[in-house]
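Chain by chain, the residues run as shown.
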Amino acid sequence: MELILDTADLNAIKEYDELLTVSGVTTNPSIITKTGKEPETALAELIDYLRPEQKLFVQTVQTTVEGIVEEARYIASLRPENMYAKIPVTREGLRAIKLVKQEGIKVLATSIYSPDTGFLAAMNGADYLAPYVNRMCNFGDGVGQVIDLQRMLTVHGLPTKIVAASFKSVQQVHDLIVAGIEAVTVPPEVLKNMVDHPGTPIAVDEFSVAWEQAYGRSTLRA
Ligand code: E4P
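Trainee: Can you walk me through the sheet that holds strand β7 (residues 161–164) in this structure?
Mentor: Two strands in a sheet stick together by hydrogen bonds in their backbones, pointing the same way (parallel) or opposite ways (antiparallel). Here we have eight strands rolled up into a closed barrel, ordered β1-β2-β3-β4-β5-β6-β7-β8, and parallel in their pairing. Each strand of the sheet is rotated relative to its neighbour by a mean of 30°, with strand direction disregarded.

Trainee: Could you clarify how one ought to interpret the environment of E103 in this entry?
Mentor: Within the fold, E103 resides in the loop between α5 (91–102) and β5 (107–112). When sequence neighbours within four positions are dropped, the list of residues in contact with E103 reads V69 and R73. A polar contact is formed between the side chain of E103 and the side chain of R73, at a distance of 2.7 Å.

Trainee: Can you help me understand the packing of helix α9 (residues 170–178) against helix α10 (residues 188–195) in this one?
Mentor: Axis angle and axis distance: for two packed helices, these are the angle between their axes and the distance between the axes, and together they describe the pair. Packing of α9 against α10 brings their axes to within 9 Å, and their N-to-C directions diverge by 75°. Relative to α10, the element α9 is oriented roughly perpendicular. On the side of α9, the interface is formed by V170, V173 and I177, while α10 contributes V190, N193 and M194. Of the residues assigned to the contact of α9 with α10, the class counts are five nonpolar, one polar and no charged.

Trainee: Explanation requested: the layout of surface pockets in the structure shown.
Mentor: Over the atoms rolls a probe the size of a water molecule, and its path tells where empty space is left. Computed from the structure, the largest pocket encloses a volume of approximately 500 Å³. In this structure, the largest pocket is lined by 27 residues; those nearest its centre are D6, N28, I31, K34 and P187. Split by residue class, the lining of the largest pocket holds eleven nonpolar, nine polar and seven charged. By volume, the second largest pocket is sized at about 260 Å³. Among the elements of the structure, α2 (29–33), α3 (39–49), β3 (55–59) and α4 (65–77) are those that each provide at least two residues to the lining of the second largest pocket. In terms of residue class, the lining of the second largest pocket is built from eight nonpolar, five polar and two charged.

Trainee: Looking at this structure, I do not really get a nonpolar patch on the surface. What am I missing?
Mentor: Together, M1, L19, I177, M194 and V195 line one region of the surface with nonpolar side chains, adding up to about 430 Å² of accessible area. Relative to the elements of secondary structure, I177 occurs in helix α9.

Trainee: I'm lost on helix α8 (residues 142–155) in this one. Help?
Mentor: Residues lying three or four places apart along an α-helix face the same way, a consequence of the helix completing one turn every 3.6 residues. End to end, α8 covers 20 Å across 14 residues, agreeing with the expected 20 Å (1.5 Å per residue, within 8%). Within α8, burial applies to G142, V143, G144, V146, L149, Q150 and L153. One or two steps after α8, the chain reaches G157, where phi turns positive at roughly 65°.

Trainee: Would you mind showing me how to read the site of the ligand here?
Mentor: Every residue close to the ligand is listed here: D6, T26, N28, K86, Y132, R135, A165, S166 and K168. Side-chain polar atom of Y132 to an oxygen atom of the ligand: 3.1 Å apart, as the coordinates give it. Taken atom by atom, the bulk of the ligand overlaps the largest pocket. Of the residues that constitute the shell around the ligand, the class distribution is two nonpolar, three polar and four charged.

About the criteria used
- Residues numbered from 1 in each chain as written.
- Predicted model: local features only at pLDDT ≥ 70, side-chain atom pairs only at ≥ 80, totals over all residues.
- Heavy atoms only, no water.
- Pairing = 2+ DSSP bridges.
- Helix = DSSP H or I, 4+ residues; strand = E, 2+ residues; numbered from the N terminus.
- Axes fitted to C-alpha atoms, helices over the stretch in contact; angles between N-to-C directions.
- Contact = heavy atoms within 4.5 Å.
- Polar contact = N/O pair within 3.5 Å; in protein donor to acceptor, adjacent residues only side chain to side chain.
- Parallel < 35°, antiparallel > 145°, perpendicular 65-115°, else oblique.
- Nonpolar A, V, L, I, M, F, W, Y, C, P; charged D, E, K, R; others polar.
- 1 Å grid on protein atoms, 1.4 Å probe; cavity = no way out; pocket = protein on both sides within 12 Å on 5 of 7 lines; lining within 4 Å.
- Points joined across faces, edges and corners; volume = space filled by probe spheres on them.
- Patch = residues over 30% accessible without salt bridge, like charges linked within 9 Å, V, L, I, M, F, W, Y side chains within 5 Å.
- Areas by Shrake-Rupley, 256 points an atom, 1.4 Å probe, with all protein chains shown as cover.
- Salt bridge = Lys/Arg side-chain N within 4 Å of Asp/Glu carboxyl O.
- Expected span 1.5 Å × (residues − 1).
- Buried < 20%, exposed > 50% of the residue type's maximum accessible area, 1.4 Å probe, protein only.
- Near = heavy atom within 4 Å.
- Sits in = over half its atoms within 2 Å of the grid points.

Put into structure tokens, the structure is as follows:
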């Protein structure tokens, strides 16, 4: 499974890239604006930091077919490999996905609120699909619908992968990992709660106290 960071905050990216096994970074226009930097600067810093094998997903901003295609080409030109254009699955986006896939551009179809729209984007050749789990939960069983989408891809033999997105809780991430999801993109605030269970440092303190009391030192060897 791929663990992807859903942020453009370089400090958070460095922190979790050192701590965990990270496959890449997803951004969207809101995430880029949160950096407070010009988009060119924010993207250049991400490209500079990531290792070649780590993926970077950058979203198109324009909403016309022509605009999406032009921006997807620009995104693809920024880095020789592992660069993905994120394209929202509007009608214009679905058309643009067909066009840019003919040029060999890597695509993540995003802003997916239903398994059916996601499936159609996969049929158009999208490499990844980003269903918006928490946002879907506002309308029903978001996790269950993503599992449906995963099943639809499997039974129809489509190679498209799901990178489940828009997480607001560890439980949502957990449920999809249990279901065998191929990738999750998780924001630092949710990832922190996955990493830092309060029980672990309590257990470590107990071990340290027991050792110190028995042997009068805090190291394994004297
Ligand atoms: C990532 O690919 C998505 O753009 C992101 O997870 C959306 O998250 P949000 O629902 O918190 O905006």
